[in-house]
Amino acid sequence: LVLACLSVTLSHQAWANEAKMDSTDSSSIQNGKTSGQLKKVVITSERDIAQRAEQAPSTTKSTVPLIETPISVQTVPKALIDDLQANSLREASQTVSGVYAGSTSVHEDIIVRGFQIRDSYRNGVRTRRLGATEVANAERVDILKGPSSVAFGRGDVGGVFNVVTKKPQETAYYSVQQQVGSDSFIQTQVDATGSVNDSNTVLYRVTGAYENSDSFRDFVETERTFIAPSLSFVPSEDTRINLEFEFANQDSPIDRGIVAVGNRPANVPVGRNFGEKGDNHENEVSIAAFDWSHRLNENWTLRQNFLQEKGRGQGFEHLHTLIDDDGSLYRVGRRIAQRDIDSTYTSFELAGQVDWLGVSHEPVLGVDYYDTEGQFDFRMPDYVDIDGDDIPDIPAGTIFNIFQPVYGQPEPDTTLQDTTFNSARNNAVYIQDQISLTSHLRLLVGGRYDNAKSHLESPIGSTAITTNDKEFSSRVGLAWVSESNWSVYSNYTESFSDTNYGLSASGKNFNPTKGEQFEVGFKAESTDKGLFTTLALYELR
């Protein structure tokens, strides 16, 4: 499916170039006339490598180039996001190998290396997004493939999506972008940055987006609003403090796609929706983030990261399951009365670039704390026996035929309450070191110890479940880097993932999900840095 889209961008930037004067040349101006040779002016600037990034420091926790890093990391820089005209994390990652969209339209639900990724990361911090992750404020998106617990703590086994946000810049820049496309798609994006004072110690940035669109899918209309103001205080070359806010509101129904009949998608029009026109889902997410870094000396830097997130969601959807190959679908309405998630994260890290015993090291030592609470109130129809035949009476519209759909069924009474409350708290300490053993050999070692507690309860007759999981996760990798812009690498990585809520037949808690990966790979880049490729072979359990 191709979205026809026209994009117009108006921008203005005050350019600052560095001019160097060559003292070997001479010139003079006398009485309005030129005498001798004009001085040679050399204009220099950084090379723009555009559609690829050479490093991913907030994802790898080091400044080692990706070609020398013995793990699989791919980046989607802003230049590529713009070329793709991507408006969501799904669209931004569609060119990344081994990554594809999952089964729902509202949440991230992206699959990496065969495992579902439910949460995205923002500047290295896990966020429990309700609705899609916004990329209007993304400087780039880093995708770390495979288990990532050593660097990021409890998370998904398949990998990590880390959105690196735009930061305020000293050079003034203003941009307005307008997109129009098929299915009544309209989106406006704004971006403005610059200095607040003459000394350039206080910088600002404001990005925002508004979208209103229909879809090739029936009954799917989307309205999305996003704004992200930020301030940076830069008192010296050694210190930087960032304060950022985000607010996102998305109103769009949950579209679960087309069911399979046999071993393929059902033979129905691609736009057919098995819900109703009145289905809706509204999500609001607000984020306050604060981070700072201070270079203690030429070898060591101290940094701290803090993030608080609040998510609120509500709506109505139809769940469905195919019960017969003749197209009979069991369809039931569900009201999302409350979906509230509150999260707090903070970390402290000491990072260095040092030489020990004649060998170059990039050590990182850190501690972090993560606290999240969720309250969920879902309401379902209470199918009861009305006519006395000991069989629950199923309202009209519950059995739905996908080949001959009948829409316009009344919304059922959702009187059966399914309410849960969960909380999780995690303390951890971690260490990592990237070591240049020789001019060609790079060693990555890391370890993390987590102490994680979680609690789940339902006030409606269920047993409360409390867990306390303690786990050590490790990572080790080795890369051999040639002088001809290619490398080979291998790694072993472990993952400590989320709690498995529930009790076994003997009444004991289930163990948490864990991951283990063995990987070997080959990386290469062209001399002009325009092409970067990775070939990986892995076993992930």
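Let me begin by describing the structure that accompanies this report. The structure displayed is predicted, hence computed values, not measured ones.

Cut-offs used in this document
- Residues numbered from 1 in each chain as written.
- Predicted model: local features only at pLDDT ≥ 70, side-chain atom pairs only at ≥ 80, totals over all residues.
- Heavy atoms only, no water.
- Salt bridge = Lys/Arg side-chain N within 4 Å of Asp/Glu carboxyl O.
- Buried < 20%, exposed > 50% of the residue type's maximum accessible area, 1.4 Å probe, protein only.
- Core = buried A, V, L, I, M, F, W, Y, C linked by side-chain atoms within 4.5 Å.
- Helix = DSSP H or I, 4+ residues; strand = E, 2+ residues; numbered from the N terminus.
- Contact = heavy atoms within 4.5 Å.
- Pairing = 2+ DSSP bridges.
- Polar contact = N/O pair within 3.5 Å; in protein donor to acceptor, adjacent residues only side chain to side chain.
- Axes fitted to C-alpha atoms, helices over the stretch in contact; angles between N-to-C directions.
- Phe/Tyr/Trp six-rings, centres within 6.5 Å; stacked < 30°, edge-to-face > 60°.
- Lys NZ or Arg CZ within 6 Å of the ring centre and 35° of its normal.

With respect to the pattern of salt bridges
Right, on to step 1. With the rule as written, the count across this model stands at 29 salt bridges.
Right, on to step 2. D142 is paired through a salt bridge with R140; the nearest N and O atoms lie 2.9 Å apart.
Right, on to step 3. By relative accessible area, R140 is classed as buried at 14%.
Right, on to step 4. Here R541 makes a salt bridge to E539, at a shortest N to O gap of 3.5 Å.
Right, on to step 5. You can call R541 exposed: its relative accessible area is 61%.
Right, on to step 6. Looking at E539, the relative accessible area reads 41%, which means it is partly exposed.
Right, on to step 7. One salt-bridge network, in which partners are shared between bridges, spans R122, K167, E244 and E246.

A closer look at the nonpolar core
Right, on to step 1. Ranked by internal contacts, the top residues of the largest apolar core, which has 17 residues, are V76, I81, L89, V99, V141, I143 and F161.
Right, on to step 2. Those elements that provide at least two residues to this core are α2 (78-84), α3 (89-92), β8 (110-112), β12 (138-145) and β13 (159-165).
Right, on to step 3. Ignoring sequence-local partners within four residues, the contact set of I143 consists of S72, V73, Q74, V76, V96, V160 and F161.
Right, on to step 4. Within the second largest apolar cluster, 13 residues are counted, among which are I254, I287, A289 and Y370.

Points about the pairing of strand β31 (residues 514-525)
Right, on to step 1. Relative to β31, strand β30 (residues 486-496) runs antiparallel, the two sharing eleven bridges. Across the sheet, F496 pairs through a bridge with K514, a residue of β31.
Right, on to step 2. For β31 and strand β32 (residues 532-540), the ladder comprises nine bridges, and the chain directions are antiparallel. What sits directly across from E519, in β32, is Y538.
Right, on to step 3. Hairpin connection from β31 to β32: six residues lie between these consecutive antiparallel strands, with K529 at a positive phi of about 70 degrees.

Thoughts on the side chain of T165
Right, on to step 1. Structurally, the position occupied by T165 is in strand β13.
Right, on to step 2. Since its relative accessible area comes to 4%, T165 is described here as buried.
Right, on to step 3. There is a polar contact of 3.0 Å between the side chain of T165 and the side chain of N123.
Right, on to step 4. Side chain to side chain, T165 and E244 meet in a polar contact 3.0 Å long.
Right, on to step 5. Here T165 is in contact with R122, N123, N137, A138, E139, E244 and E246, once residues within four sequence places are set aside.

A word on the sheet that holds strand β11 (residues 125-127)
Right, on to step 1. The strand order β6-β12-β13-β10-β11 describes an open sheet built from five strands, whose pairing is mixed. Edge strands, defined here as strands with exactly one partner in the open sheet, are β6 (73-77) and β11. Here the strands of the sheet are splayed against their neighbours by 30 degrees on average, with no regard to which way each runs.
Right, on to step 2. Of the pairings in the sheet, the one linking strand β10 (residues 120-122) to β11 comprises three bridges and is antiparallel in character. Note on β11: the bridge partner recorded for Y121 is R126.

Some words on the sheet that holds β8
Right, on to step 1. Taken in spatial order, the three strands make up an open sheet running β7-β8-β9, and their pairing is antiparallel. For this open sheet the edge positions go to β7 (99-101) and β9 (115-117), each flanked by a neighbour on one side alone. Each neighbouring strand pair of the sheet contributes to a mean axis angle of 35 degrees, computed without reference to strand direction.
Right, on to step 2. Examined bridge by bridge, β7 and β8 share three bridges and lie antiparallel to one another. Bridged to A101 within β8 is I110.

Overview of the packing of aromatic side chains
Right, on to step 1. Per the stated rule, a full pass over the model turns up nine aromatic pairs.
Right, on to step 2. Seen in terms of ring centroids, F400 and Y407 are 5.6 Å apart; in terms of plane orientation they differ by 55 degrees. Their pairing is tilted.
Right, on to step 3. Look at F400 and you get buried, because its relative accessible area is 3%.
Right, on to step 4. Between the NZ or CZ atom of R113 and the centre of the ring of Y538, over which it lies, the distance is 3.9 Å.
Right, on to step 5. The side chain of K523 reaches across the aromatic face of Y489, ending 5.0 Å from its centre.

Remember that the coordinates give geometry; whether it matters functionally is a separate question.
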